[in-house]
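Summary of the model geometry
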Amino acid sequence: MSNPEPAAQPPPQVSHRGRSAAPIASSNAEGEEVPEFDSFGIIGPRGPPPLREFLDIWDVNMLRRPDEVNTPQHSTHLYASDHLIVRRGQEFQLKVTFDRPYKPSDDQFAVEFVIGGSPQYSKGTYIPVSVAKDRQSPWAGRVVDSTDNVVTVGITPAPDCIVGKWRTYVAVVTPYGIRRTRRDESRDLYVLFNAWATGDSVFLDDADEREECVLNEVGVIYHGAYDDMSERPWNFGQFDYGVLDACLFIMDKAAMPITNRGDAIKVARKASAMLNSHDDDGVLVGNWSGDYTYGVAPTSWTGSTEILLNYSSSKTPVCYAQCWVYAAVFNTFLRCLGIPARVVTNFFSAHDNDGNLKTDVILDENGRIDKHRTKDSIWNYHCWNECYMSRPDLPQGFGGWQAVDATPQETSDGIYRCGPASVQAIKHGQICFPFDAPFLFAEVNSDVVFYSRNPRDGTLEPVKVNSSHVGRMVVTKVPGQDARRDITDQYKFPEGSPEERTVLEKAEEYGCHREKATPPEADVELDMPLMEVRVGDDFELKLEFNNTSDQARTVDVYVSGNVVYYTGVTSSEFLFKTPRVILDPKKAEKQVMEVHSQDYMRKLVEQANLHFIATGKVKETGQIITSMRVVTLHTPKLSVEVSGLAKVSEEMMVTVEFTNPFKFNLEDVYVRVEGPGVMPPKYKHYSLITAGSSLTWTEGVTPRRAGPTKLMASLDCAALRQVYGQAQLTVKP
């Protein structure tokens, strides 16, 4: 008879005994109570004597209302919160009411701030602020005004102090000990990074940029193709109720030591790991498959609020995201904590599989693409973030904008995260500087190398190098307006310039390998001009050939049309043609191919991208010619209308309308709408929208604050993604 299996033992609890006096404080939500009376040890058996002749505290007013002194000066008036929110390195005020007038010569009191568990002065987690002139404190304190029993105290948190939620106490010194106020949650204080304070590592000198990258809560995210760009509105919602607490919860969930939370570099790096669910049960689950049965399709989201509040309440990752969702929610996190941040889009972004500066395309001996052997992919576009901060860990000149990316593509030190990498270092090829600069450098600098494969021995010979395709354009939003700004020149020098050559050589010294061969340019040019096509249209694909030589040329061409995911991965081929083109000397020739909607519509995936690639071999010279074109099919628009007077606390109507313009039905359709300060995220499900029919959804909303804002809506179903609409409005007070 076999021995019974021993019962499974619970895992041993990790003990800190013998290694450190206490575990490292890594939760902002937890904290021990501070005693109401700290004795000086000269108290008899009957406890403390009556302390009537000493100062007693009757009330502490945090001056947290939007019309009071603090929030307008700290640019925190937009946060929907019941607590005072201030920025570090800048004075805020509070009022203490005593039981009698305060006498500076006789009375001693301090305002104490505590964060996390096991608070310690030496760790910067316990800060007593004295108003006496002869006492030094990490945070400056002064008496601004003393009238009757009320003392107004000015307090300036250090410009490098810990960012998070602090507990506030007022303490009075007596000969017997320190008497202090009870814990009162309404006195909790949030301290944020301060882009307005010169002493803060995130100080940003440009007022327009600061306004946009810290205070703007609506954004534009660019997608599609560099020469046929689309945009989607996004509600970052960094001031919405509960979002700040959700951002602090993300750092708690990461068990990030409280003492590291004043360091913008560490906060941005930790968040780049925590925004994706790999490794650490972070915020968002990535899904590029097209099957979103168990969550929300990435194209359906209209803002970050719903995602962050879902995560902080359920404490489990939210389904689903793709790159722009990661970038948009990361942007909310950074702006909410006060770090200037923006979303950038790189068109034709290399996702290189083997750490070199090459994206390899393998051709057979006739010049046709070998799909089985071509493994590298180029994303039509990829979104990441830039955040603004000094880099004291790098040489002078590499502070400023830093690239960070939360989309899980590659691991960094074993964890899916990326950055912060100095954009200036990427531009200058200084890719040895932390963090993850080689990966970002390759995303904007890879060459597309076409290799011809010898069928006899399998060797590869480079036959064409396209060095300008990848990183074709990097864009972000212009501060203060809904227009785009081309920032490619911040990532790289002009194509073919001597500076660019120097940078690539420098990157090679640090281990980024590129194709050395420079195959001769073919004397036949091939181009596919831009086409603007709507979903469901028939259209013509044009190929333009130009023979620059003095002799006739014959070209055997392979034209392949594929439905692709935006990551450049092919879903299916819907067109394959093999024309032979005969060109007279110094003459041009056009080939036109009809593309019918029934060929591609049934195969469309996701973001309705078609990718055409033509490769050919010149018969007389054996040279290879290639051309690529991404066609982003344009989707119908969603109409968003506002009716009634837009006024604080008065109901108005929002109407979303859509007509199905197709010959087929749309099934399982979700419509979402939201607007900062006007409407929390709401959605509606329609099981069927028949061909040619319309939907109308009207919702009553009550604006909660004045000023310009936007309403953003999306319509999403498996057969039709990326349908957006928006309405701008100004709410009157």
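A short tour of the structure in this document, coming up. This structure is a prediction, so every number in the text was calculated from the model and none was measured.

The subject of this paragraph is the sheet that holds strand β32 (residues 588-595). The antiparallel open sheet is built from three strands, whose spatial order is β27-β28-β32. The outermost strands of the open sheet, each flanked by one partner alone, are β27 (524-527) and β32. Averaged over neighbouring strand pairs, the angle between their axes works out to 20° when direction is ignored. Pairing geometry for β27 and strand β28 (residues 539-547), over four bridges, is antiparallel. If you follow D527 over to β28, its bridge partner there is E544.

Residues of helix α5 (residues 305-314) that are buried include every one of T305, E306, I307, L308, Y311 and S312, and no others. Two residues or fewer after α5 comes K315, characterised by a positive phi angle close to 60°.

Empty space within the largest pocket amounts to approximately 920 Å³. In terms of lining residues, the largest pocket is bounded by 41 residues, among which K464, V465, N466, S467 and E521 are the most central. Mapped by element, the contributors of at least two residues to the lining of the largest pocket are α8 (437-445), β24 (460-466), α10 (498-509), β27 and β34 (624-632). Considering each element in turn, the lining of the largest pocket owes the most residues, seven residues, to β34. Looking at the lining of the largest pocket, its residues break down into 18 nonpolar, eight polar and 15 charged. Considering only enclosed or pocket space, the second largest pocket measures out at about 590 Å³ in volume. Around the second largest pocket, the lining comprises 25 residues; the ones closest to its centre are N216, E217, V218, P708 and T709. Mapped by element, the contributors of at least two residues to the lining of the second largest pocket are α2 (207-215), β40 (707-717) and β41 (720-731).

Below, the discussion takes up the pattern of salt bridges. By the definition in use, this model includes 39 salt bridges. A salt bridge links E36 to R182; its shortest N-O distance comes to 3.0 Å. Here R182 lies in the loop between β10 (177-180) and β11 (189-192) and E36 lies in the segment before β1 (37-39), a separation of 146 residues in the sequence. Using a relative accessible area of 39% as the deciding quantity, one classes E36 as partly exposed. Between K477 and E212 there is a salt bridge; the shortest N-O distance is 2.9 Å. Of this pair, K477 sits in strand β25 (residues 473-477) while E212 sits in helix α2, placing them 265 residues apart in sequence.

Turning to the packing of aromatic side chains, a few remarks are in order. Here the structure, examined in full by the defined rule, presents 25 aromatic pairs. When the centroid spacing of 4.7 Å and the interplanar angle of 25° are considered together, the rings of Y381 and Y566 count as stacked. Placement of the pair is Y381 in strand β18 (residues 377-389) and Y566 in the loop between β29 (553-564) and β30 (570-577), with a sequence separation of 185 residues. Here the aromatic cluster, defined as three or more aromatic residues joined through ring pairs, consists of W288, W324, F347, W379, Y381 and Y566. The cationic tip of R342 hangs over the ring face of W401; the distance from NZ or CZ to the ring centre is 3.9 Å. Positioned over the ring face of F493 is K427, at 4.7 Å from the centre of the ring.

This part takes up the nonpolar core. Side chains that are nonpolar tend, in soluble globular proteins, to be buried together. L284, W324, V325, F333, L334, L337 and I339 are the most contacted members of the largest nonpolar core, which totals 71 residues. Of the residues forming this core, the biggest block, twelve residues, is contributed by helix α6 (residues 323-337). Sequence-distant contacts of W324, defined by excluding residues within four places in its chain, comprise I221, R232, W234, P298, T299, Y381, C383, Y566 and Q607. Grouped together as the second largest cluster of nonpolar side chains are 62 residues, V595, F662, V671 and C717 included.

Here we come to empty space enclosed by the protein. For the structure shown, the criterion picks out three cavities of 30 Å³ or more. Looking at the largest cavity, its volume works out to about 100 Å³. Taken together, E209, E212, C213, G219, V220, F236, R335, R342, V343, T476, K477 and R485 make up the full set of residues lining the largest cavity. Every element with two or more residues in the lining of the largest cavity is listed here: α2, β12 (218-225), β16 (341-351) and β25. At three residues, α2 tops the list of elements feeding residues into the lining of the largest cavity. Here the residues of the lining of the largest cavity are counted per class, giving four nonpolar, two polar and six charged.

Conventions we followed
Residues numbered from 1 in each chain as written. Predicted model: local features only at pLDDT ≥ 70, side-chain atom pairs only at ≥ 80, totals over all residues. Heavy atoms only, no water. Pairing = 2+ DSSP bridges. Helix = DSSP H or I, 4+ residues; strand = E, 2+ residues; numbered from the N terminus. Axes fitted to C-alpha atoms, helices over the stretch in contact; angles between N-to-C directions. Buried < 20%, exposed > 50% of the residue type's maximum accessible area, 1.4 Å probe, protein only. 1 Å grid on protein atoms, 1.4 Å probe; cavity = no way out; pocket = protein on both sides within 12 Å on 5 of 7 lines; lining within 4 Å. Points joined across faces, edges and corners; volume = space filled by probe spheres on them. Nonpolar A, V, L, I, M, F, W, Y, C, P; charged D, E, K, R; others polar. Salt bridge = Lys/Arg side-chain N within 4 Å of Asp/Glu carboxyl O. Phe/Tyr/Trp six-rings, centres within 6.5 Å; stacked < 30°, edge-to-face > 60°. Lys NZ or Arg CZ within 6 Å of the ring centre and 35° of its normal. Core = buried A, V, L, I, M, F, W, Y, C linked by side-chain atoms within 4.5 Å. Contact = heavy atoms within 4.5 Å.

Worth remembering: the numbers are spatial, not functional.
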